[in-house]
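The chain contents come next:
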Amino acid sequence: MTGCQLLRETIGQHTCDSRSSKTAIMTEYPTYIIEEGFAENDEMYDAELRESDSARDKRFRDLMQDIFSTDEEKIFLSLTAHSGAITSLLNVFGHRRFSPLETGGVIPVFVRGERVMGPLPVMEVEPWFGVPK
């Protein structure tokens with residue numbers, strides 16, 4: 001799974017949570033550079049399951065690990081996301097909660113990455129859940 005695919009809103013059940021195919025993205029945005037390993041179809045989306053908040057937090061921690069381990073030459077990086085993604089990023093960074101974040105709201109957060117040896121702390125991740133009855 002490429003890091004780029006980890007930066008997205010809560011995954012599952014809603015069709016708006018499924019990304020377009022690689023071909024459709026390349027057709028619509030021909031000047032975009034698609035990272036190597038970007039799958040043709042959305043391998044993360046499941047119409048029958050919805051990602052739990054803690055699973056989303058883990059995914060964003062994985063995204064930050066990917067960014068800090070592979071993009072060392074980047075000095076500044078800007079991420080634009082929806083409220084669920086922002087909530088998970090703030091959780092991962094240990095930042096205080098913002099609730100609710102209004103539409104169009106902005107939260108500037110400056111993060112300084114520092115390499116720490118050893119395993120990552122264990123995260124308790126709740127399972128994804130099914131479509132409500």
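Right above here is the structure, for reference.
Conventions and cut-offs
Residues numbered from 1 in each chain as written. Predicted model: local features only at pLDDT ≥ 70, side-chain atom pairs only at ≥ 80, totals over all residues. Heavy atoms only, no water. Core = buried A, V, L, I, M, F, W, Y, C linked by side-chain atoms within 4.5 Å. Buried < 20%, exposed > 50% of the residue type's maximum accessible area, 1.4 Å probe, protein only. Helix = DSSP H or I, 4+ residues; strand = E, 2+ residues; numbered from the N terminus. Phe/Tyr/Trp six-rings, centres within 6.5 Å; stacked < 30°, edge-to-face > 60°. Polar contact = N/O pair within 3.5 Å; in protein donor to acceptor, adjacent residues only side chain to side chain. Axes fitted to C-alpha atoms, helices over the stretch in contact; angles between N-to-C directions. Parallel < 35°, antiparallel > 145°, perpendicular 65-115°, else oblique. Left-handed = near helix turned anticlockwise from the far one by under 90°. Contact = heavy atoms within 4.5 Å. Nonpolar A, V, L, I, M, F, W, Y, C, P; charged D, E, K, R; others polar. Patch = residues over 30% accessible without salt bridge, like charges linked within 9 Å, V, L, I, M, F, W, Y side chains within 5 Å. Areas by Shrake-Rupley, 256 points an atom, 1.4 Å probe, with all protein chains shown as cover. Salt bridge = Lys/Arg side-chain N within 4 Å of Asp/Glu carboxyl O. Lys, Arg positive; Asp, Glu negative; His and termini not counted.

Student: What's the story with the nonpolar core in this structure? I'm lost.
Tutor: If you look at soluble globular proteins, the nonpolar side chains tend to sit buried side by side. L6, I11, M44, F60, L63, M64, I67, A85 and L89 together form the largest nonpolar core, which totals nine residues. Of all the secondary structure elements, the ones that give two or more residues to this core are helix 3 (53–70) and helix 4 (83–93). Residue contributions to this core peak at four residues, all from helix 3.

Student: Please explain the packing of aromatic side chains as it appears in this structure.
Tutor: Each aromatic ring pair is characterised by the separation of its centres together with the angle its planes make. A full pass over the atoms with the stated rule returns one aromatic pair. Judged by centre distance (4.8 Å) and plane angle (20°), the ring pair of Y29 and Y32 falls under stacked. Judged by its relative accessible area of 53%, Y32 is exposed.

Student: Teacher, can you tell me more about the side chain of E51 here?
Tutor: Tracing the sequence through the fold places E51 in the loop between strand 1 (49–50) and helix 3. Residue classification places E51 among the buried residues on the basis of a relative accessible area of 3%. Polar contacts involving the side chain of E51 include one to the side chain of R59, which spans 2.6 Å.

Student: I would appreciate a short explanation of the packing of helix 3 against helix 4 in the present structure.
Tutor: Describing two packed helices takes the angle between their axes plus the distance from one axis to the other. It is the contact of helix 3 with helix 4, at a shortest axis distance of 8 Å, that shows an interaxial angle of 70°. Taken together, the axes of helix 3 and helix 4 are roughly perpendicular relative to one another. Note that helix 3 runs across helix 4; the crossing there is right-handed. Across from D53, R56, D57, F60, R61 and M64 in helix 3, the residues of helix 4 making contact are G84, A85, T87, S88, L89, N91, V92 and F93. Its residues placed into classes, the contact of helix 3 with helix 4 shows six nonpolar, four polar and four charged.

Student: Can you walk me through a nonpolar patch on the surface in this structure?
Tutor: Side chains of F68, F93, V109 and V111 sit close together on the surface and give an oily, nonpolar patch of about 290 Å² of accessible area. By the element assignment, V111 lies in the loop between helix 4 and strand 2 (129–130). Looking at V111, the relative accessible area reads 40%, which means it is partly exposed.

Student: I tried to follow the environment of L49 on my own but got confused; where do I start?
Tutor: Mapping L49 onto the fold places it in strand 1. Along the primary structure L49 and P127 are separated by 78 residues, whereas in three dimensions their C-alpha atoms are 9.6 Å apart. When residues no more than four places from it in sequence are discounted, the contact partners of L49 are I11, G12, Q13, W128, F129 and G130.

Student: Any chance you could explain the side chain of R19 here in plain terms?
Tutor: Here R19 shows up in the loop between helix 1 (3–6) and helix 2 (22–28). Summary of buried charges: R19 has no salt-bridge partner, and the nearest side chain of opposite charge, D42, is 4.8 Å away. Within polar-contact distance, the side chain of R19 engages the side chain of Q5 at 3.1 Å. For R19, the side chain forms a polar contact with the main-chain oxygen of A39, separated by 2.5 Å. Excluding anything up to four places from it in sequence, R19 contacts Q5, R8, I25, F38, A39, E40, N41 and D42.

Student: It is not clear to me how helix 4 should be interpreted in this structure. Could you clarify?
Tutor: In an α-helix, one turn spans 3.6 residues, which is why side chains three or four residues apart end up on the same side. Along helix 4, the residues classified as buried are G84, A85, I86, S88, L89 and L90. On its buried face, helix 4 is in contact with helix 3. Where helix 4 terminates, the next one or two residues include G94, which has phi positive at roughly 75°.

By themselves, these figures tell us nothing about what the structure is for.
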